[in-house]
Amino acid sequence: MSLFQAGPRRVVVTGVGLLSSVGTGTVDCWAAVCQGKNGIGAITQFDACGFACRIAGEVKGFDPLLYIDKKDVKKMGRFIQFAMAASEFAVQSARLQIEPDEAENVGVYIGSGIGGFEVIERENKILLERGPSRMSPFFIPSCIVNLASGYVSIRYGAKGPNSATATACTTSAHSIGDSYRLIQHGDADVMICGGSEACVTPMGIGGFAAMRALSTRNAEPHRASRPWDRERDGFVVGEGSGILILEELAHAKRRDAPILAEIVGYGMSADAHHITSPPEDGDGGYRVMRNALRDAGIAPSQVQYVNAHGTSTGLGDKAETVAIKRAFAGHAKQIAVSSTKSMTGHLLGGAGGLEAGITVLAIRDQIAPPTINYEFPDPECDLDYVPNQARRMEIEYALSSSFGRSEEHTSEL
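Here goes a summary of the coordinates provided.

Cut-offs and rules
- Residues numbered from 1 in each chain as written.
- Predicted model: local features only at pLDDT ≥ 70, side-chain atom pairs only at ≥ 80, totals over all residues.
- Heavy atoms only, no water.
- Helix = DSSP H or I, 4+ residues; strand = E, 2+ residues; numbered from the N terminus.
- Rg over C-alpha atoms; globule rule 2.2 N^0.38 Å.
- Buried < 20%, exposed > 50% of the residue type's maximum accessible area, 1.4 Å probe, protein only.
- Contact = heavy atoms within 4.5 Å.
- Areas by Shrake-Rupley, 256 points an atom, 1.4 Å probe, with all protein chains shown as cover.
- Lys, Arg positive; Asp, Glu negative; His and termini not counted.
- Charge placed at Lys NZ, Arg CZ, Asp CG, Glu CD.
- Phe/Tyr/Trp six-rings, centres within 6.5 Å; stacked < 30°, edge-to-face > 60°.
- Lys NZ or Arg CZ within 6 Å of the ring centre and 35° of its normal.
- Polar contact = N/O pair within 3.5 Å; in protein donor to acceptor, adjacent residues only side chain to side chain.
- Salt bridge = Lys/Arg side-chain N within 4 Å of Asp/Glu carboxyl O.
- Pairing = 2+ DSSP bridges.

## Some words on the overall build of the protein chain
Thinking step 1. When its secondary structure is counted, the protein chain shows 13 helices and 16 strands.
Thinking step 2. For a compact globule of 413 residues, the expected C-alpha radius of gyration is about 22 Å, and the protein chain comes in at 20 Å, within 12% of that figure.
Thinking step 3. Counting only C-alpha atoms and orienting by the principal axes, one finds that the protein chain spans roughly 65 × 55 × 40 Å.
Thinking step 4. Looking at the protein chain residue by residue over its 413 residues, the buried ones come to 63%.
Thinking step 5. Contacts in the protein chain between residues far apart in sequence, at least 24 positions, make up 79% of those at least 6 positions apart.
Thinking step 6. A total of about 15300 Å² of accessible surface is found on the protein chain, and carbon and sulfur atoms cover 52% of it.
Thinking step 7. Taking the average location of the 39 positive side-chain charges in the protein chain and that of its 47 negative ones, the two points are 3 Å from each other.

So this is what it looks like as structure tokens:
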């Protein structure tokens, strides 16, 4: 944990809520990541026969009734249900109680890249087969992106800033970074922030498969997500949620909150290049990491660990490797770089929240999570990717990066 002055007010992380294909709840999810557990398997949520990709990182055995009143479950798309559960994990871990006189200083900022795809598909089928009069009155509020933030704010009585972003795979990272800035500048004392995604649906899988972006290693799902490995053939869609509790430092100390880490820098950039392919020189990725380092006021040589975007795509992995080399120069090969998407799959809009939470826990426990399925080194990807086993190591500064298919990049230190 690093307590470093960065900006007008210092911002710490006091709670982490994680939900993914490798575990429901922060404790189980983090333990699984440290053990290199694989959460990828055959799709069970719909009949994927006939699809080019038939595998995903599904959240298994999720019971929304454990976290949401029965009367409200039908009003929420699966991505909202995930956000509600992960927020509960985060609030509990932060020991946060929002009193009425502080409610205006507590905000919520939870995004999603796609929102309620399964709701849209279901209601479209009803519309076409049974007519508009049979559509659910909860259709719109159960699928639009901002309702994850909305329902969480209602649940906890948080009356401060409330927003949602949808910036593809950088969604959660933007949510966390923007929340950091809100606290820095005095617009809130506490933010419940991150992202959630649930797009293991026919349209979700079919759409990404049509782009030829997904792995088709259907016979070996446990080996399908393999960032930086020479045999990678595309990413694997995952689902779940990652939520952080950010607090102004003095506020956290006054209530004796657990301080897990401090956010000291945030950067954004765009490639201005192509809607899906990164430039070979990794320019946008390089600049976003440079911007985060500059915002933090630290030298590249002070960073020990990077939780990389690492999607398991040919162009993306190479461009990110180049970007890291440019940003960290001679120090790049001394940094532990891992992609936890090798285990969880790619949560799209939820990825940055899950991975920022994992990065916080890596600092807390001084453990770099592994990149699993790293078997055949790619000579063009030649950094230390923490292959196959977690590593105990000193981590004072860590960086979490999220890169978007629609040009956006975000990094946080």
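Now that the structure has been shown, the text picks up again.
## Re the packing of aromatic side chains
Thinking step 1. Scanning all chains against the criterion turns up seven aromatic pairs.
Thinking step 2. Ring geometry for Trp 228 versus Tyr 385: centroids 4.3 Å apart, planes at 10 degrees, classification stacked. Taken together, the residues span a long stretch of sequence, with Trp 228 in the loop between α8 (202-210) and β8 (240-248) and Tyr 385 in the loop between β13 (367-368) and β14 (391-392) at a distance of 157 residues. A single burial state applies to Trp 228 and to Tyr 385, both of which are buried.
Thinking step 3. Members of the aromatic cluster, connected to one another through ring pairs, are Phe 62, Tyr 67, Phe 82 and Phe 89.
Thinking step 4. Cation over ring: Arg 326 sits above Tyr 286, and NZ or CZ is 4.2 Å from the ring centre.

## Description of the environment of Glu 197
Thinking step 1. Structurally, Glu 197 can be placed in strand β7 (residues 190-197).
Thinking step 2. C-alpha separation for the pair Glu 197 and Gly 116, spaced 81 residues apart in sequence, amounts to 8.3 Å.
Thinking step 3. Polar contacts involving the side chain of Glu 197 include one to the main-chain amide nitrogen of Ile 114, which spans 3.1 Å.

## With respect to the pattern of salt bridges
Thinking step 1. Counting across every chain of the model gives 27 salt bridges.
Thinking step 2. A salt bridge links Arg 232 to Asp 378; the shortest N-O distance between them is 3.1 Å. Of this pair, Arg 232 sits in the loop between α8 and β8 while Asp 378 sits in the loop between β13 and β14, and the two are 146 residues apart along the sequence. Per residue, the accessibility class of Arg 232 equals that of Asp 378, and both read buried.

## What about the pairing of strand β5 (residues 106-111)?
Thinking step 1. Burial analysis of β5 places six of its six residues in the buried class, the great majority of the element.
Thinking step 2. Judged by which residues are buried, β5 turns out to be covered on both faces: Val 106, Val 108 and Ile 110 on one side and Gly 107, Tyr 109 and Gly 111 on the other are all buried.
Thinking step 3. Across six bridges, the pairing between β5 and β7 is parallel. Along β7, the bridge assignment pairs Val 106 with Val 190.
Thinking step 4. As paired strands, β5 and strand β6 (residues 162-163) are joined by two bridges and run parallel to one another.

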